[in-house]
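Remarks on the overall topology
Listed here are the chains, written in short residue letters.
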Amino acid sequence: MRICLFEPDIPQNTGTILRMAACFGLPVDIIEPCGFLLTSAALKRAGMDYLGKADYIRHADWRSFVEARDQGTVPGRLVLLTTKGAEPYCDFEFRPDDILMLGSESKGVPDQVHNYVDARVVIPMQPEMRSLNVAMATAMTLGEALRQTNSFPKRT
């Protein structure tokens, strides 16, 4: 399982997600451009000393990410978390090779990405609410995906 961030805007969210991924031993794909430098102090504050343990790949742009998938260096089914998703994430059947993709905090993902992904899931919310924080949405969905696939790290 992997996490993929499409053009993230907020360094604190990215740092939090990288920290979480390090804790679960999951790789993260970051599709640039980001709305901040990956050397940002805010990113480092949120990620703390876990950033050194985070396994992440930077892709220069969407096309580079697609090429990496075509070459097999980023394997798996691409599952987009989106407010336009039709299937609630708790009803979705996750697989161990899924890539959980999240859009930028300000814009989500463009139509070409929506059309490219293999599946779209939504976190059900009150009708008048727009969206959750991207790090919170990642944690909720990742927790369910790891539970379903029995992929949490084993306790020693």
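Our structure is the block above this text.
A few points on the structure. (Residues numbered from 1 in each chain as written. Predicted model: local features only at pLDDT ≥ 70, side-chain atom pairs only at ≥ 80, totals over all residues. Heavy atoms only, no water.)

So, about helix H5 (residues 134-148). Between its terminal C-alpha atoms H5 stretches 21 Å, which fits the 21 Å expected from 15 residues at 1.5 Å a residue. For H5, the complete set of buried residues consists of Val134, Ala135, Ala137, Thr138, Thr141, Leu142, Glu144, Ala145 and Leu146. Lining the buried residues of H5 we find strand S1 (2-6), helix H1 (11-24), strand S4 (78-81) and strand S6 (99-102). With a side-chain oxygen positioned 2.8 Å from the backbone nitrogen of Ala135, the residue opening H5 is Asn133. A positive backbone phi angle near 50° is found at Asn150, which sits one or two residues after H5. (Helix = DSSP H or I, 4+ residues; strand = E, 2+ residues; numbered from the N terminus. Expected span 1.5 Å × (residues − 1). Buried < 20%, exposed > 50% of the residue type's maximum accessible area, 1.4 Å probe, protein only. Contact = heavy atoms within 4.5 Å. Polar contact = N/O pair within 3.5 Å; in protein donor to acceptor, adjacent residues only side chain to side chain.)

Note on placement: Leu142 falls in helix H5. Sequence separation of Leu142 and Tyr89 is 53 residues, and the distance between their C-alpha atoms is 9.7 Å. Leaving out residues up to four positions away in the same chain, Leu142 has contacts with Met1, Ile3, Met20, Phe24, Leu26 and Leu100.

This part covers the packing of aromatic side chains. Under the definition given, this model contains 5 aromatic pairs. Each ring, one from Trp62 and one from Tyr116, has its centre 5.2 Å from the other, and the planes form 90°; the classification is edge-to-face. Taken together, the residues span a long stretch of sequence, with Trp62 in helix H3 (residues 62-70) and Tyr116 in helix H4 (residues 111-116) at a distance of 54 residues. In this structure an aromatic cluster arises from ring pairing among Phe6, Trp62, Phe65 and Tyr116. (Phe/Tyr/Trp six-rings, centres within 6.5 Å; stacked < 30°, edge-to-face > 60°.)

Moving on: the nonpolar core. The biggest cluster of nonpolar side chains holds 29 residues, and the ones touching the most others in it are Ile3, Leu100 and Leu142. Of all the elements in the fold, those that place two or more residues in this core are S1, H1, strand S2 (27-31), S4, S6, strand S7 (119-122) and H5. If one sorts the elements of this core by residue count, H5 sits on top with 6 residues. Setting aside chain neighbours within four positions, we find Ile3 in contact with Ile17, Ala21, Pro27, Val28, Asp29, Leu100, Leu102, Thr138 and Leu142. Membership of the second largest hydrophobic core comes to 15 residues, among which are Cys4, Phe65, Met101 and Val117. (Core = buried A, V, L, I, M, F, W, Y, C linked by side-chain atoms within 4.5 Å.)

Any empty space left between atoms is shown by rolling a water-sized probe over those atoms. Considering only enclosed or pocket space, the largest pocket measures out at about 570 Å³ in volume. Lining the largest pocket are 26 residues, with Leu81, Thr82, Thr83, Gly108 and Ser131 sitting closest to its centre. The set of elements that each furnish at least two residues to the lining of the largest pocket consists of S4, S7 and H5. Its residues assigned to classes, the lining of the largest pocket shows 12 nonpolar, 10 polar and 4 charged. (1 Å grid on protein atoms, 1.4 Å probe; cavity = no way out; pocket = protein on both sides within 12 Å on 5 of 7 lines; lining within 4 Å. Points joined across faces, edges and corners; volume = space filled by probe spheres on them. Nonpolar A, V, L, I, M, F, W, Y, C, P; charged D, E, K, R; others polar.)

Attention shifts here to the side chain of Thr138. Here Thr138 lies in helix H5. Take Thr138: its relative accessible area is 1%, and that puts it in the buried class. Here Val134 takes part through its backbone oxygen, which lies 2.7 Å from a polar atom of the side chain of Thr138. Sequence-distant contacts of Thr138, defined by excluding residues within four places in its chain, comprise Ile3, Ile17, Met20 and Leu102.

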